[in-house]
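# Descriptive structure summary
One letter stands for each residue in the lines below.
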Amino acid sequence: MTAAHPSAAHATVLELQGVHKLFGDNHVLRGVDLEIASHEVVVVIGASGSGKSTLMRTINLIERFDDGRILLSGDDITDPAVDVDKVRARIGVVFQHFNLFPHMRVIDNVTLAARKVHGIAPDVARDRAIGLLETFGLGDKVRDYPDRLSGGQQQRVAIVRAIMTDPELLLLDEITSALDPMLVGEVLDLVRDLKNQGSTILMATHEMSFARSVADRIVFMHGGRPLETGTPEQIFDAPREPETREFLARITHR
Amino acid sequence: MTDRTAAWQPSALELDRRLHRRRASRRSVLIALVSTVAFAAIAGWLVVTSPNWEAVRQTFFNVEIAAESFPRILEGLWLNIRVLFFATIVVAIVGTLLAVMRSLRGPVFFPVRALATGYTDLFRGLPVLIVLYLVGFGIPGLNPEVRIPVAVLGTIAISLCYSAYVAEVLRAGMEAVHPSQRVAARSLGLSHAKTLRLVVIPQALRKVVPALMNDFVSMQKDVGLISVLGAVDAIRQAQIVQATTYNFTPYVVAGLLFVALSFPMIRLTDHVSARMATREQTGGTV
């Protein structure tokens, strides 16, 4: 939208400028501009195929994109000279299918990045991990392997793994979509806790009531770009665009 | 009545089903037993009643010669075991390196990838015996001043061949690890190398353990081929006895020793495979 203003860089955690992504002929992201301030929770909604997941993967540099710029706390992370591993280490990601490492115990899953990427001493990492796991009701699962845990527990472990090293930004990509309805609540409660602790979160979800209660801002993705952005009240109660109205009508009357 | 399981008694219906299953399995065991015994008896009878059986028995199953040659052959087997030990270490290292080289992506790594691919193609195609000749007589030919023990040359040749097999097995295992695991690891900031070492290879190994053990069993007997270079191993010892007595019993003794050597590994492989199969069938819980 506007040019980057360095003076405000400390308050803006993430800034996307005209990001494009094509899969062959399929133009998935068509010039995405987006800004996320520190401590802000932004929820991305939109139909499947609207580019939500691609957007997440692009920010994390897992997906190579075709045009535009992405700034993380003022640093241009799309500069070819940037060390992508260092960038990824500053962003926490939680996936739809948890993607825990099945050959590692919960504690090793959670402390892996701290030990092997951030160079934190194993006993320090361990203490912090156990503290976090206990806070989120997983204190008795520390020594278990992921396949012994329920989906909700696995996803909570995945969230702890993502926040373990205090990332500047948390990307939550439809983290409840693969869960039993009974287990969705425990995961969303954890996200609410993270918001209250001041995390900066970009989250894609189909849980509209949760989006309404937690989001500072809602972004409605349509046709590869944010079609409408606003507070939950603006988007859910008085959507301006006909596409937004149609999407909300469909998803709430499923 | 506090213990709920104690209160449950199988119904008449279930008892009837169990009785039926027991009867069916008893019948199956009986059929299998009778047919096995009958087959063994017929095969044995055919051999023993053949016109020249007595001569063959003398040449291949001579108890005295077996007893006499046994200590020498056992001593030779010790060389095979040592060769096996070192070859296993070399194969583990080289095989892993090759598998990693073949799995590197991007145009930058084309030469490395091509080298590894060429290597595995070549050494999986070449008969072990020919590699043994090439290494065993080719390498010493390069510089006659330096004398390399034939057992070492044999170890090199066996390692060359089996590294190619093991590399392919490992590569298959690495490809079987779901890409989302790599994505998760890279998202944490782990480098490509750390992702391979900490996330991909440990999971790949688990998937290919039975296949690797099978290759190990195969290598256990192929170390016997180093005898063609003149290394005094179990087979060579058998050959020495055979040359003086004109009796083939020592070969049978050596063969049985190789079987005995591989037997524990074969059983272990079966056990591991069976355990993995049941684990997969029951839906992933240990």
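As the structure is a computational prediction, the values presented were derived from the model and not from experiment.

On to the overall build of chain A, then. In terms of helices and strands, chain A carries 9 helices and 10 strands. At 18 Å, chain A has a C-alpha radius of gyration in line with the 18 Å of a compact globule built from 254 residues. A principal-axis box enclosing the C-alpha atoms of chain A has dimensions of 50 × 45 × 35 Å. Out of the 254 residues in chain A, the part that is buried amounts to 52%. For chain A, contacts bridging at least 24 residues in sequence account for 65% of all contacts bridging at least 6. Looking at chain A as shown, the accessible area adds up to about 11,300 Å², and 48% of this sits on carbon and sulfur atoms.

With that settled, consider the UniProt feature "domain: ABC transmembrane type-1" (unreviewed entry) in chain B. Per the UniProt record, "domain: ABC transmembrane type-1" (unreviewed entry) is found at residues 77-269 of chain B. For residues 77-269 of chain B, the helix share is 82%, the strand share is 0%, and the end-to-end C-alpha distance is 22 Å.

The subject of this paragraph is the interface of chain A and chain B. Listed per partner, the contact involves 20 residues of chain A and 20 residues of chain B. Between chain A and chain B the total buried area reaches about 1,800 Å² when both faces are included, carbon and sulfur atoms providing 62% of it. Three residues, Phe101(A), His103(A) and Lys116(A), lead the burial of chain A against chain B; their summed loss comes to 29% of the area buried on that side. The tally of links from chain A across to chain B stands at 1 salt bridge. Among the ionic pairs, Asp85(A) bridges to Arg186(B), the shortest N-O distance being 3.2 Å.

Our focus in this paragraph is the packing of helix α7 (residues 150-176) of chain B against helix α9 (residues 192-222) of chain B. Residues and elements named next belong to chain B. Their axes nearest at 8 Å, the elements α7 and α9 cross at an angle of 140°. Viewed along their axes, α7 and α9 adopt a mutual orientation that is oblique. Note that α7 runs across α9; the crossing there is right-handed. Residues that form the contact of α7 with α9 fall into these classes: 17 nonpolar, 2 polar and 3 charged.

The next point concerns the side chain of Glu63(A). As for its placement among the helices and strands, Glu63(A) is situated in the loop between α1 (52-59) and β4 (67-72). At a separation of 3.0 Å, a polar atom in the side chain of Glu63(A) contacts the side chain of Arg57(A).

This brings us to the pairing of strand β10 (residues 225-230) of chain A. Bridge analysis of strand β9 (residues 217-222) of chain A against β10(A) gives 5 bridges, and the strand direction is antiparallel. The partner of Phe220(A) across the bridge, within β10(A), is Glu228(A).

All right, on to the UniProt feature "domain: ABC transporter" (unreviewed entry) in chain A then. According to UniProt, the feature "domain: ABC transporter" (unreviewed entry) maps to residues 14-248 of chain A in the numbering used here. Annotation note: span residues 14-248 of chain A, helix share 37%, strand share 26%, distance between end C-alpha atoms 27 Å.

Residues and elements named next belong to chain B. Throughout the structure, instances matching the rule amount to 8 aromatic pairs over all chains. Note on Tyr 119 and Phe 123: the rings are 4.6 Å apart at their centroids and 35° apart in plane angle, and the pair reads as tilted. Placement of both Tyr 119 and Phe 123 in helix α5 (residues 110-125) is noted, with a separation of 4 residues, approximately one turn of the helix. Take Tyr 119 and Phe 123: they sit in the same class, and that class is buried.

Moving on: the environment of Arg156(A). Residue and element names in this part refer to chain A. Here Arg 156 is to be found in helix α5 (residues 151-163). When the C-alpha atoms of Arg 156 and Ile 175 are compared, they prove to be 9.6 Å apart, with 19 residues separating the residues in sequence. Beyond its immediate stretch of four places on either side in the chain, Arg 156 contacts Phe 136, Gly 137, Leu 138, Glu 186, Val 187 and Leu 190.

So, on to the sheet that holds strand β1 (residues 12-23) of chain A. Residue and element names in this part refer to chain A. Across the sheet, which stays open at both edges, the 4 strands sit in the order β2-β1-β4-β5 with antiparallel pairing between neighbours. The open sheet has two free edges, formed respectively by β2 (26-37) and β5 (75-76), since each of these has just one partner strand. Two elements, β4 and β5, share 2 bridges in a ladder whose sense is antiparallel. Bridging across to β5, Leu 72 finds its partner in Asp 75.

Analysis parameters
Residues numbered from 1 in each chain as written. Chains lettered and ligands numbered in written order. Predicted model: local features only at pLDDT ≥ 70, side-chain atom pairs only at ≥ 80, totals over all residues. Heavy atoms only, no water. Helix = DSSP H or I, 4+ residues; strand = E, 2+ residues; numbered from the N terminus. Rg over C-alpha atoms; globule rule 2.2 N^0.38 Å. Buried < 20%, exposed > 50% of the residue type's maximum accessible area, 1.4 Å probe, protein only. Contact = heavy atoms within 4.5 Å. Areas by Shrake-Rupley, 256 points an atom, 1.4 Å probe, with all protein chains shown as cover. UniProt positions renumbered as here; feature names shortened; annotations may be inferred. Buried area = accessible area lost by both parts, 1.4 Å probe. Salt bridge = Lys/Arg side-chain N within 4 Å of Asp/Glu carboxyl O. Axes fitted to C-alpha atoms, helices over the stretch in contact; angles between N-to-C directions. Parallel < 35°, antiparallel > 145°, perpendicular 65-115°, else oblique. Left-handed = near helix turned anticlockwise from the far one by under 90°. Nonpolar A, V, L, I, M, F, W, Y, C, P; charged D, E, K, R; others polar. Polar contact = N/O pair within 3.5 Å; in protein donor to acceptor, adjacent residues only side chain to side chain. Pairing = 2+ DSSP bridges. Phe/Tyr/Trp six-rings, centres within 6.5 Å; stacked < 30°, edge-to-face > 60°.

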